[in-house]
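# Reading the structure
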Amino acid sequence: MKIKDPALYRLMKSFLITYLPDTRQKSKHTIQAYRDALNLYMLFLEEEKYIKFKDVSVSDFNQQNISSFLRWLHDKRGNESTTINQRLSHIKGFCRYIQKKDILSFKTYSEICEIAEYKDERVKDFIWLTIEDVKLVLKQPDINKKTGIRDRFFISLMYESGCRNDEILHLKLKNIVINKEGEPDVHIFGKGSKHRCTPLSKDIVPYFNEYCKLYHLDSANSSDELLFYTVRNGIKSQMSQDNVQRFMRTYEKKGNRQIMMRSDIKLPQPFASWSNSL
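Note that this is a predicted model, so its numbers are computed, not measured.

A word on the side chain of Glu167. Within the element layout of this structure, Glu167 appears in helix 8 (residues 165-169). Not counting residues up to four positions away in its chain, the partners in contact with Glu167 are Ile188, Gly190 and Arg196.

Put into structure tokens, the structure is as follows:
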């Protein structure tokens, strides 16, 4: 495959493999976030600008395209402002890198820096769910479907552990440990590889076991695999935050309707907003 702008791709590789981990001392989670942002930008160029991967050049990194990219994330992928702003920050970081390498002009980089963040228009007040509300949330996934089994376990794990989306998506199967008494713990490695162990209730164990029967059939030999993953072209990869936002938004709408019908109150904020804020 002939690359139109090989210098751009060499710098993209060195940015992710050398500059971020060695020079900037960024964590694996942060590097993955930069990689996701760049992959999404390439996908946007292909789907919206009809520019194939091999034909992308440094000239495609400009104010107009990046602004359109943010709208695409909002309108086509349904991303929240916080996610959009994170993608913008990572794209700007890469552009700053290639500008320092004299690949991107200072004028173009300055114009990219002018792109404003999206305003976060979500209501800031938190709504604390009752135990009955949580039970109602866990009834939303259709457990007759494979994805419903997955979503129910994901939601219950998020609720019990207090983890952020990103932390859950980086968990491996071995990070869920059940002792001889049947008491489960989750071992979380956050920013800077800081470790913490959070106890879970026994109620989550059946959800975990049912999930593993579908997604981790050979659990003894797959302990190093990602706990949550997607398969594309036969290749397992980390589930994206976009995917989590999509299914959480679906349950958010269903759950809000049922909670309001039961309690006869109007919620000032969707219950699923905690999936974005944790």
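Scanning all chains against the criterion turns up 0 disulfides. With no disulfide of its own, Cys95 lies 8.2 Å from the sulfur of Cys113, the closest cysteine sulfur. With relative accessibility at 0%, the residue Cys95 sits in the buried group.

Right, let's talk about the pairing of strand 5 (residues 235-238) for a bit. One ladder, built from 4 bridges, connects strand 4 (residues 229-232) with strand 5; its direction is antiparallel. By the bridge assignment for strand 5, Tyr229 is matched with Gln238. Hairpin connection, strand 4 to strand 5: the antiparallel pair is bridged by 2 residues, and Asn233 has positive phi, about 55°.

Turning to the packing of aromatic side chains, a few remarks are in order. Following the criterion strictly, the structure yields 22 aromatic pairs and no others. Aromatic pair Phe153 and Phe208: ring centres 5.6 Å apart, planes at 50°, arrangement tilted. Taken together, the positions of Phe153 in helix 7 (residues 146-161) and Phe208 in helix 9 (residues 204-215) put the pair 55 residues apart, joining distant regions of the chain. Of the two residues, Phe153 and Phe208, both sit in the buried class. Each residue in the set Phe15, Tyr19, Tyr34, Tyr41, Phe44, Phe61, Phe69, Trp72, Phe94 and Tyr97 is aromatic and connected to the rest through ring pairs, giving one cluster. Above the face of the Tyr215 ring, Lys146 is positioned so that its terminal group lies 4.7 Å from the ring centre.

The rules behind these values
Residues numbered from 1 in each chain as written. Predicted model: local features only at pLDDT ≥ 70, side-chain atom pairs only at ≥ 80, totals over all residues. Heavy atoms only, no water. Helix = DSSP H or I, 4+ residues; strand = E, 2+ residues; numbered from the N terminus. Contact = heavy atoms within 4.5 Å. Disulfide = S-S within 2.5 Å. Buried < 20%, exposed > 50% of the residue type's maximum accessible area, 1.4 Å probe, protein only. Pairing = 2+ DSSP bridges. Phe/Tyr/Trp six-rings, centres within 6.5 Å; stacked < 30°, edge-to-face > 60°. Lys NZ or Arg CZ within 6 Å of the ring centre and 35° of its normal.

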